[in-house]
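Spelled out from the first residue to the last, the chains are:
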Amino acid sequence: MFSFLRRTRKKLLMKNDSRKYIGYAVGEIVLVVIGILIALGIDGWNEDRKERMLEQEILVQIRENLNKDRKALSGIIANANRAVYASEKVIELYEKNQTSDSLKYWLGNIVQFDRFLPLTNAYEVLKSKGLDLVSNKELRFKLGTYYDDQAQIITNANEDLKQTFVDDWLPVMKAGVVDFEFKKYVILEDESVFIATDRVRNILILNRSNYDGSIQYMNSGVSLIDHILDMINAEVRNQQ
């Protein structure tokens, strides 16, 4: 094509037709500009396509992380609910000044804790690439809400329960526990002494309250994860 344009330009110069030559020159410039714009458009389309492919890849990785977080939280919530129920049963024994064959199992559900460590590697990759890579603004906001706020709140709440285990339960257990299997049972040397102790009752009440708060935070986290997963699934489908 360029050889054709050169031949045409040469012919016009030989004919010394300035008006036609100027018109040709303008037309040639227009063609060049159009060619450049087309090339830029193709480059822009290719870059946008690469970004959307990268966005989809990272969203799929985030989805895998969130599914694992959700599974972990579901297990921790189940443990926490058992702890709340067991706390109420032991407090009831205290109020009635009674004991029970189930006490060792209830204590096994109470005297324990869970750690929650959210999987953030895919989100960290997204942040390194720029959060704007996620084209859906609402999804971008929800991801930040979960990873930068809610997940940290849940982690801190479970750390509080671990600290209660260390600061409050361990001293009690060292004073009167015969046998202990984590999350299974606590066998006491003298159950009646345990039940009649105000200090233990206060720890139970405080611990139950902490578990209640932790459960609320975790349920909110699971709901947020479910919402984000729905949004990611929609985005991935739309880009396929």
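Bear in mind that the values here come from a model prediction, so they are computed numbers and not experimental data.

### Regarding the overall build of the protein chain
And then number 1: Scanning the protein chain for helices and strands turns up seven helices and two strands.
And then number 2: Mapped from its N terminus to its C terminus, the protein chain presents α and β elements in the order α-α-α-α-α-β-β-α-α.
And then number 3: A buried classification covers 34% of the 240 residues belonging to the protein chain.
And then number 4: The contacts in the protein chain between residues at least 6 apart in sequence include a share of 79% that link residues at least 24 apart.
And then number 5: For the protein chain, the exposed area adds up to about 14400 Å²; of that, 53% sits on carbon and sulfur atoms.

### Brief notes about the pattern of salt bridges
And then number 1: Applying the stated criterion across every chain yields a total of seven salt bridges.
And then number 2: Where Lys183 meets Asp114, a salt bridge forms, and the shortest distance between an N and an O atom there is 2.4 Å. Of this pair, Lys183 sits in the loop between strand 1 (177–181) and strand 2 (185–188) while Asp114 sits in the loop between helix 3 (103–110) and helix 4 (121–129); the two residues are 69 residues apart in sequence, bridging distant segments of the chain.
And then number 3: On the accessibility criterion, Lys183 (30% relative accessible area) is partly exposed.
And then number 4: With a closest N to O distance of 3.5 Å, Glu124 and Lys127 form a salt bridge. In this pair, Glu124 and Lys127 are both assigned in helix 4, three residues apart and thus about one turn of the helix distant.
And then number 5: For Glu124, a relative accessible area of 40% gives the class partly exposed.
And then number 6: When its relative accessible area of 37% is taken as the criterion, Lys127 is described as partly exposed.

### Focus on the pairing of strand 1
And then number 1: Bridge analysis of strand 1 against strand 2 gives four bridges, and the strand direction is antiparallel. The residue bridging Val177 from the neighbouring strand is Leu188, located in strand 2.
And then number 2: Remark: three residues form the turn of the hairpin made by strand 1 and strand 2, two consecutive strands paired antiparallel; Lys183 in that turn has positive phi of roughly 70 degrees.

### Here's the deal with the packing of aromatic side chains
And then number 1: By the definition in use, this model includes six aromatic pairs.
And then number 2: Aromatic pair Tyr146 and Tyr147: ring centres 4.9 Å apart, planes at 75 degrees, arrangement edge-to-face. With respect to burial, Tyr146 and Tyr147 carry one shared label: buried.
And then number 3: Seen in terms of ring centroids, Phe165 and Phe182 are 6.0 Å apart; in terms of plane orientation they differ by 85 degrees. Their pairing is edge-to-face. Within this pair, whereas Phe165 is found in helix 5 (residues 137–176), its partner Phe182 is found in the loop between strand 1 and strand 2, the two being separated by 17 residues in sequence.
And then number 4: Assessed through its relative accessible area of 9%, Phe165 is described here as buried.
And then number 5: Through successive ring pairs, a cluster of aromatic residues spans Phe113, Phe165, Phe180 and Phe182.

### Quick look at the packing of helix 4 against helix 5
And then number 1: Their axes nearest at 12 Å, the elements helix 4 and helix 5 cross at an angle of 120 degrees. With respect to helix 5, the axis of helix 4 lies oblique. Where helix 4 crosses over helix 5, the two elements pack in a sense that is left-handed. Each of Tyr123, Leu126 and Lys127 in helix 4 lies in contact with helix 5, whose residues at this interface are Leu143, Gly144, Tyr147 and Asp148.
And then number 2: Among the residues forming the contact of helix 4 with helix 5, the class breakdown is four nonpolar, one polar and two charged.

Rules of the game
Residues numbered from 1 in each chain as written. Predicted model: local features only at pLDDT ≥ 70, side-chain atom pairs only at ≥ 80, totals over all residues. Heavy atoms only, no water. Helix = DSSP H or I, 4+ residues; strand = E, 2+ residues; numbered from the N terminus. Buried < 20%, exposed > 50% of the residue type's maximum accessible area, 1.4 Å probe, protein only. Contact = heavy atoms within 4.5 Å. Areas by Shrake-Rupley, 256 points an atom, 1.4 Å probe, with all protein chains shown as cover. Salt bridge = Lys/Arg side-chain N within 4 Å of Asp/Glu carboxyl O. Pairing = 2+ DSSP bridges. Phe/Tyr/Trp six-rings, centres within 6.5 Å; stacked < 30°, edge-to-face > 60°. Axes fitted to C-alpha atoms, helices over the stretch in contact; angles between N-to-C directions. Parallel < 35°, antiparallel > 145°, perpendicular 65-115°, else oblique. Left-handed = near helix turned anticlockwise from the far one by under 90°. Nonpolar A, V, L, I, M, F, W, Y, C, P; charged D, E, K, R; others polar.

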